[in-house]
Amino acid sequence: MYTHQFHAMGCRIQVWLENENSDLTTAQFQAITDLFAVAEARLSRFRPDSELSWLNGQPERWVTVSPELWLLLHRTLGLARQTDGLFDPALLAAMVDFGEQAAW
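Undergrad: How should I be thinking about helix α1 (residues 22-43) in this particular structure?
TA: Because an α-helix completes one turn every 3.6 residues, residues spaced three or four positions apart along the sequence face the same direction. Between its terminal C-alpha atoms α1 stretches 31 Å, which fits the 32 Å expected from 22 residues at 1.5 Å a residue. Among the residues of α1, Thr25, Phe29 and Glu40 are the ones counted as buried. On an axial view of α1, the arc spanned by its buried residues comes to 45°, and they lie on one face. Exposed residues pointing more than 90 degrees away from the buried face of α1 are listed as Asp23, Leu35 and Val38. Summarising the contacts, the buried residues of α1 are in contact with β1 (2-8) and β2 (11-17). For α1, the capping residue at the N-terminal end is Asn21, with a side-chain oxygen 3.0 Å from the backbone nitrogen of Asp23.

Undergrad: Can you walk me through the side chain of Ser44 in this structure?
TA: If you trace the backbone, Ser44 turns up in the loop between α1 and α2 (51-56). Not counting residues within four places of it along the chain, the set of residues in contact with Ser44 comprises Ala39, Ser50, Leu52 and Ser53.

Undergrad: Sorry, what's going on with unusual backbone geometry here?
TA: Backbone geometry places Met9, a non-glycine residue, at a positive phi of 55°. Relative to the assigned elements, Met9 resides in the loop between β1 and β2. Under the relative-accessibility criterion, Met9 is labelled partly exposed at 42%. One non-glycine residue, Asp84, lies in the positive phi region at around 50°.

Undergrad: Would you explain the nonpolar core in this entry?
TA: In summary, soluble globular proteins display a tendency toward joint burial of nonpolar side chains. Residues Phe6, Ala8, Ile13, Val15, Leu17 and Phe29 constitute the largest nonpolar core, which totals six residues. Listed by contribution, the elements that provide at least two residues to this core are β1 and β2. Ranked by residue count, the leading element in this core is β2, at three residues. Among residues more than four places away in sequence, those in contact with Val15 are Tyr2, Thr3, His4, Phe6, Phe29 and Ile32.

Undergrad: I would appreciate a short explanation of the pairing of β2 in the present structure.
TA: For a regular strand, side-chain orientation follows a simple rule: the groups alternate between the two sheet faces. Here β1 pairs with β2 via seven bridges, running antiparallel. Residue pairing across strands places Thr3 opposite Trp16, the latter belonging to β2. Between β1 and β2, which pair antiparallel one after the other, the connecting turn spans two residues, and Met9 there sits at a positive phi close to 55°.

Criteria and cut-off values
Here the residue index of a chain counts from 1 through its sequence in written order. Selection of residues for local features in this predicted model requires a pLDDT of at least 70, selection of side-chain atom pairs for listing and counting requires 80 or more, and totals for whole chains, interfaces and linings are taken over all residues. Excluding hydrogens and water, the side-chain figures rest on all heavy atoms present in the structure. Secondary structure is summarised from DSSP: a helix means a run of H or I of at least four residues, a strand means a run of E of at least two, and numbering begins at the N terminus for each. In this analysis, the expected span of each helix is defined as 1.5 Å times one less than the number of residues it contains. Buried, partly exposed and exposed residues are distinguished by accessible area as a fraction of the type maximum, computed with a 1.4 Å probe on protein chains only: under 20%, between the cut-offs, and over 50%, respectively. The arc under discussion is defined with respect to the helix axis, by the directions toward the C-beta atoms. In this analysis, two residues are considered to be in contact whenever any of their non-hydrogen atoms come within 4.5 Å of each other. Here a polar contact is taken to be a pair of N or O atoms separated by no more than 3.5 Å, where protein atoms must pair a possible hydrogen donor with a possible acceptor and residues adjacent in sequence count only if both atoms sit in side chains. What is meant by a nonpolar core is a set of buried Ala, Val, Leu, Ile, Met, Phe, Trp, Tyr and Cys residues, joined one to another through side-chain atoms within 4.5 Å. A strand pair is defined by DSSP finding two or more bridges across the two strands.

Spelled out as structure tokens, the structure:
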């Protein structure tokens with residue numbers, strides 16, 4: 001059993017893999033770390049250079065977003081409807097009103 005830890009999205013991530021090939025395991029750990037890095041670069045509201053922060057900074061106009069962000073928005077807004085707002089990804093303005101800092 002191999003373990004790997006890294007930080008992403010404000011959390012400590014720990015991954016366990018059971019594999020007999022240590023070279024393959026190292027490559028898999030790197031692929032997982034890279035996957036999180038790409039997602040964080042695109043979707044973090046805490047990174048002013050992320051696509052999500054850029055989108056949040058354009059509330060007055062229509063903008064084109066990547067297919068990945070579009071899919072995420074579509075899915076999360078659907079979950080907001082399904083949960084009658086118990087889960088709501090569109091709360092940035094309310095969070096800022098309550099003192100949470102916006103990244104942009």
